[in-house]
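Here's the letter readout for the chains.
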Amino acid sequence: MAPVEQDMRQRTSRWPAAQDIWRLRMGYSGPHEIESSVTSFLARDHALFIDGQFVRATGTDQIAVDDPASGKVIAQVSSASSADVDAAISSAHTAFEDGRWRNLRPADRERILLRLADLLEARAEAFAQLETLEQGKSIHMSRAIEVGASIEWIRYAAGLTTKISGRTFDVSLPGGPTRWTSYTRREPVGVVAGIVPWNFPLMIALWKVLPALASGCSIVLKPSEITPLTALWLAELAREAGVPDGVFNVVTGGGEVGRWLSVHPLVAKISFTGSTVAGKAVGTAAIDGMKRFTLELGGKNPAIVLEDAILDKVVPGLLTGGLLNGGQVCAAVSRIYVTRNRFDPLCEALEAAIQAMVMGSGMDPAAQLTPLASATHRAKVEASIQQAAEAGVLIRRGAQAPAEGHFVSPALVIDPDEKTPLARQEVFGPILSITPVESEEEALQRANDSTYGLAASIWTQDIDKAMAISQRVQSGTVWINSHVFIDPNMPFGGMKMSGIGRDFGSAWLDGYLEEKAVCIAH
Ligand code: NDP
């Protein structure tokens, strides 16, 4: 082995990779037996959650849920019919109209949401295990993010419940001797449809449920058919926390269920997270019915690495930012633009790191890369790598993928032609492309040359350059010397084809509230 390569291998072995970051953050705790509550939940005859009860779907269609690490079926859930969707929306609508939730004092709604956080915390390990079993992600990430961060999100949203307020203002136009006082109220919009993808099923479900409940709305939640289990368990927990019947409903099934929700006349607001293709269909249906909507869509997120960047920080940062959850993260890095003088060392370091990664089941605490969520998605990701390789793109593969399960060996795509579909389209897998650039200006121009605009990162020690570039990057979030960190208090959402609207932060509930002006003559 050449000395430079040897040195690089020694250095990369020091860099914690991907899931190791989460392991370090959470504390390494070794393998766990699957909890008996998880085993018995999996064995249930799963139904829909409507009006506070688990109810049988009217049809007999079932959806098999598999464990991505083995491909074996672990549960069957019902596929809702349009009549079931009607029943769920009607239950949510009745609950909204009779005020059983929205007319509670804000502090009472807050208390119930805080209780939900406590209940989830008490069952954190069981929820984390269930999420890893249905979605495939590392148990460390399920503990730290899917459940751990979700608990913080619940508490953050609970706090917003008591902060909803309007404004009081004077009016200007003459009204004779009459005096006028005007003020605004913020009122819950009505029934919310929450449509969720399969990459972070519990956390993204909560990103719909929480603003809806904090605002006083009721909700019908549709998880992805690939990962429906934690949403069903969450609904049961919400009932235990004191959320009244009918306020929180779950219907399982595929895209048709999402479509029925999007066009239903009693749905007032749609909160959708998923692909840009499905998001456009949802947005079109929403406009047609004049519903409010929020779309959190895909990304093809750039990282700009400048010549003074510290590679010891850049490498683990890009591995975490790009390969977390097998790259199935909307904000994941997928395009790296690096100044030419750092191109070779960065390529070598990334290649050495992906080759040294341990692939395995999410339940294996030593696994750094875990399977993709479904066989269909695995085939799609492999096909796009294959297509690019056949077109002559240089691709370095990492650790060998296990034969069973939906594993994909990570890929480093070297200096692809900008027109290659792999370089332009969201693939949502463990793939990083790396391209040398001659200047910061070129890096910025290439970073912005995308229909997407979700997230980006800049890696440099020069704060002036970082500030200047961050203002010109076209994306909803820009990180400096990190990538993929999100927080309940930091607005998140996309520019361009990455979506419409923002979640989180103090204005999170705005999309779930109508502003009503009240004008008093006196
Ligand atoms: P999809 O868009 O395929 O599906 C998302 C959800 O919408 C699923 O529940 C799906 O049902 C449902 N759905 C599909 N078609 C329609 C339709 N026409 N009308 C209504 N609902 C529909 O996305 P994936 O589940 O494949 O998730 C991956 C995508 O999600 C990626 O593009 C990723 O970038 C994006 N994403 C964006 C995030 C963000 O915050 N910006 C965060 C996480 C993911 P079913 O799957 O059951 O058929």
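So, here is what we can say about the structure in this document. Note that the structure is predicted; figures quoted are calculated from it, not measured. (Residues numbered from 1 in each chain as written. Predicted model: local features only at pLDDT ≥ 70, side-chain atom pairs only at ≥ 80, totals over all residues. Heavy atoms only, no water.)

**A look at the pairing of strand β19 (residues 477-480)**
At step 1: Here β19 shows a clear split, with Thr 477 and Trp 479 buried on one side and none of Val 478 and Ile 480 buried on the other.
At step 2: With four bridges joining them, strand β18 (residues 455-459) and β19 adopt parallel strand pairing. Bridging across to β19, Ala 455 finds its partner in Thr 477.
At step 3: Note that the unit made of β18, helix α17 (residues 463-472) and β19 has a crossover that is right-handed. (Buried < 20%, exposed > 50% of the residue type's maximum accessible area, 1.4 Å probe, protein only. Helix = DSSP H or I, 4+ residues; strand = E, 2+ residues; numbered from the N terminus. Pairing = 2+ DSSP bridges. Right-handed = clockwise from strand over helix to strand, strands pointing away.)

**Notes on the sheet that holds strand β13 (residues 333-339)**
At step 1: With mixed pairing, the seven strands of this open sheet are ordered in space as β14-β15-β16-β13-β12-β18-β19. One side of each edge strand has no neighbouring strand; the edge strands of this open sheet are β14 (394-397) and β19. Averaged over all neighbouring strand pairs, the angle between strand axes comes to 20°, with direction disregarded. (Axes fitted to C-alpha atoms, helices over the stretch in contact; angles between N-to-C directions.)

**Side note on the site of the ligand**
At step 1: Looking at the ligand, there are 31 residues lining it, with Val 196, Glu 225, Ser 275, Leu 297 and Glu 426 nearest.
At step 2: Contact distances for the ligand include 2.8 Å between an oxygen atom and a backbone N or O atom of Val 196.
At step 3: Between the ligand and the protein, one listed contact pairs an oxygen atom with a side-chain N or O atom of Lys 222 at 2.9 Å.
At step 4: Contributing elements (two or more residues each) for the shell around the ligand: α10 (255-263), β10 (267-273) and α11 (276-288). (Near = heavy atom within 4 Å. Polar contact = N/O pair within 3.5 Å; in protein donor to acceptor, adjacent residues only side chain to side chain.)

**Side note on the packing of aromatic side chains**
At step 1: Taken as a whole, this structure holds nine aromatic pairs when the rule is applied.
At step 2: Here the aromatic rings of Phe 127 and Trp 233 are separated by 4.7 Å at their centres, their planes lie at 25°, and the arrangement is stacked. Of this pair, Phe 127 sits in helix α6 (residues 124-135) while Trp 233 sits in helix α9 (residues 229-241), and the two are 106 residues apart along the sequence. The burial state of Phe 127 is the same as that of Trp 233; both residues are buried. (Phe/Tyr/Trp six-rings, centres within 6.5 Å; stacked < 30°, edge-to-face > 60°.)

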